[in-house]
Amino acid sequence: MLNRRLQVLVDDERYELLARESEQSGTPVGELVRRAIDHEYARPASETERERAGHALLAMPLPEGPEPDWEDQKREMLDERMRRLEGS
């Protein structure tokens, strides 16, 4: 939630750069500034919890046995969802 106002003065060159990018991408100038702040300052030096979880997931061994058929897996998931919806 955005709840703080920040006023920043920039020179014409920087403003034109932001205005051009805003027009090309359809992204408001304020959002471009927030992204720049996030990129420059918001990332801690160590891995974030999300990054650690991603690395852990990728490091997991694959299940043994033949690769499951996607259509069978999809059908099972949809059947389970229907059972849950009908039971609600």
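One can find the structure itself at the top, above this paragraph.
K.L.:
An account of the overall build of the protein chain is needed here, citing residue identities and associated values.
P.N.:
The helix and strand tally for the protein chain stands at four helices and zero strands. The linear arrangement of helices and strands in the protein chain, starting from the amino end, is α-α-α-α. Computed over C-alpha atoms, the radius of gyration of the protein chain comes to 23 Å, more than 25% over the 12 Å expected from 2.2 N^0.38 for 88 residues, which places it beyond the range of a compact globule. Per-residue burial over the protein chain gives 3% buried out of 88 residues.

K.L.:
Which residues make up a nonpolar patch on the surface, and what values go with them?
P.N.:
Taken together, the side chains of Leu-6, Val-8, Val-10, Tyr-15, Val-33, Ile-37 and Tyr-41 define a hydrophobic patch exposed on the protein surface, amounting to about 700 Å² of accessible area. Sort the elements by how many residues they give to the nonpolar patch and helix H2 (residues 29–42) lands first, with three residues. Position of Val-33 relative to the elements: it lies in helix H2.

K.L.:
Lay out the packing of helix H1 (residues 12–25) against H2 in plain terms, naming residues and giving numbers.
P.N.:
It is the contact of H1 with H2, at a shortest axis distance of 9 Å, that shows an interaxial angle of 110°. Accordingly, the angle class assigned to the pair H1 and H2 is roughly perpendicular. Touching Leu-18, Glu-21 and Ser-22 of H1 are Val-29, Leu-32 and Val-33, all from H2. A class-by-class count of the residues in the contact of H1 with H2 yields four nonpolar, one polar and one charged.

K.L.:
Run through the side chain of Ser-22, naming residues and quoting values.
P.N.:
By the secondary structure assignment, Ser-22 is in helix H1. Its relative accessible area of 16% is what places Ser-22 among the buried residues. Leave out the neighbours within four places in its chain, and Ser-22 touches Thr-27, Pro-28, Val-29 and Leu-32.

The rules behind each value
- Residues numbered from 1 in each chain as written.
- Predicted model: local features only at pLDDT ≥ 70, side-chain atom pairs only at ≥ 80, totals over all residues.
- Heavy atoms only, no water.
- Helix = DSSP H or I, 4+ residues; strand = E, 2+ residues; numbered from the N terminus.
- Rg over C-alpha atoms; globule rule 2.2 N^0.38 Å.
- Buried < 20%, exposed > 50% of the residue type's maximum accessible area, 1.4 Å probe, protein only.
- Patch = residues over 30% accessible without salt bridge, like charges linked within 9 Å, V, L, I, M, F, W, Y side chains within 5 Å.
- Areas by Shrake-Rupley, 256 points an atom, 1.4 Å probe, with all protein chains shown as cover.
- Salt bridge = Lys/Arg side-chain N within 4 Å of Asp/Glu carboxyl O.
- Axes fitted to C-alpha atoms, helices over the stretch in contact; angles between N-to-C directions.
- Parallel < 35°, antiparallel > 145°, perpendicular 65-115°, else oblique.
- Contact = heavy atoms within 4.5 Å.
- Nonpolar A, V, L, I, M, F, W, Y, C, P; charged D, E, K, R; others polar.

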